[in-house]
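A look at the structure
If you want the building blocks of each chain, they are given just below.
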Amino acid sequence: EVQLVESGGGLVKPGGSLRLSCVVSGFKLSGHTMNWVRQAPGKGLEWVSSISTSSNYIHYADTVKGRFTISRDNARDLLFLQMDSLRPEDTAVYYCARAKGSLEWVFHPIDYWGQGTLATVSS
Amino acid sequence: DIQMTQSPSSLSASVGDSVTITCQASQDINNYLNWYQQKTGKAPKLLIYRASTLETGVPTRFSGSGYGADFTFTITNLQPEDFATYYCQQYDISPLTFGGGTKVEI
């Protein structure tokens, strides 16, 4: 069974940092592009970042570029999101999400999602 | 960035009805368009990808169509478990972008 489990959320002050982790099971992380998608309370979905299988292609939303860093450890089936210089508008549930395909230079539909971890940025 | 305009933002329907949601991209995205269902407090679920391909295990009452910039999503014979929020998403060009969502209510 495919599972994605996020951790690392919590309450942080503006300007602070959080490191989100996502451990996957039921499939090999190395075979899939991975994404982070967030959802502010009561709002819609916002794609945050994606990383290809070998980390050769990395993309970010303009709203987080220069502040967030996505990375992966295929050997340990782990995906990360380092979030620095956090702002109140970054408050959201962050979902780890698997892409359906593995070709590095294109995007793929997201077919599996974790249950999310809540990051709250507030003083 | 590609803007995805989804309408309506909400609709009311009854069990057994058919409902249609539209999604318009601000530029041509070929058929790189997904539809997701999200229930309150849950993660989204992929229903349709490549505009019209049904994800494995998704009931055939869900369907999608379109190409270029204009897309539609239809649920026929609406079931109680279908009351949820639906999102379109383009995955042609970064940044990947979602529509604003359509809440389907009883």
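Our structure's up above, just so we're on the same page.
A brief report on the enclosed structure follows. Small disclaimer: the values here were computed from a predicted structure and weren't measured.

**Description of the side chain of T97 of chain B**
Within the secondary structure, T97 of chain B sits in strand β10 (residues 97-98). Setting aside residues up to four positions removed in sequence, T97 of chain B forms contacts with I2, M4, C88, Q89 and Q90 of chain B.

**Points about the interface of chain B and chain A**
Interfaces are frequently sized by the accessible area removed from exposure as the parts join. With 20 residues of chain B at the contact, the number on the chain A side is 22 residues. Of the roughly 1600 Å² buried between chain B and chain A, counting both surfaces, carbon and sulfur atoms make up 62%. The largest per-residue losses of area from chain B upon contact with chain A belong to P44, L96 and F98 of chain B, which jointly make up 31% of the total buried on that side. For the pair chain B and chain A, the interface holds one salt bridge.

**So, the state of the cysteines**
All names here are of chain A. Within the structure shown, the criterion is met by two disulfides over all chains. What pairs with C22 in a disulfide is C96, and their sulfur atoms sit 2.1 Å apart. Looking along the S-S bond of the C22-C96 disulfide, the torsion reads about -70°, which is the left-handed sense. Placement of the pair is C22 in strand β3 (residues 18-25) and C96 in strand β9 (residues 92-99), with a sequence separation of 74 residues. Residue C22 shares its accessibility class with C96, and that shared class is buried.

**Here's the deal with the layout of surface pockets**
Estimates place the volume of the largest pocket at around 390 Å³. Forming the walls of the largest pocket are 21 residues, and the residues nearest its centre are Q39 of chain A together with Q38, T40, T85 and Y87 of chain B. Those elements giving two or more residues to the lining of the largest pocket turn out to be β9 of chain A together with β9 (85-90) and β11 (102-105) of chain B. Its residues assigned to classes, the lining of the largest pocket shows eight nonpolar, nine polar and four charged.

Parameters and conventions
- Residues numbered from 1 in each chain as written.
- Chains lettered and ligands numbered in written order.
- Predicted model: local features only at pLDDT ≥ 70, side-chain atom pairs only at ≥ 80, totals over all residues.
- Heavy atoms only, no water.
- Helix = DSSP H or I, 4+ residues; strand = E, 2+ residues; numbered from the N terminus.
- Contact = heavy atoms within 4.5 Å.
- Buried area = accessible area lost by both parts, 1.4 Å probe.
- Salt bridge = Lys/Arg side-chain N within 4 Å of Asp/Glu carboxyl O.
- Disulfide = S-S within 2.5 Å.
- Buried < 20%, exposed > 50% of the residue type's maximum accessible area, 1.4 Å probe, protein only.
- 1 Å grid on protein atoms, 1.4 Å probe; cavity = no way out; pocket = protein on both sides within 12 Å on 5 of 7 lines; lining within 4 Å.
- Points joined across faces, edges and corners; volume = space filled by probe spheres on them.
- Nonpolar A, V, L, I, M, F, W, Y, C, P; charged D, E, K, R; others polar.

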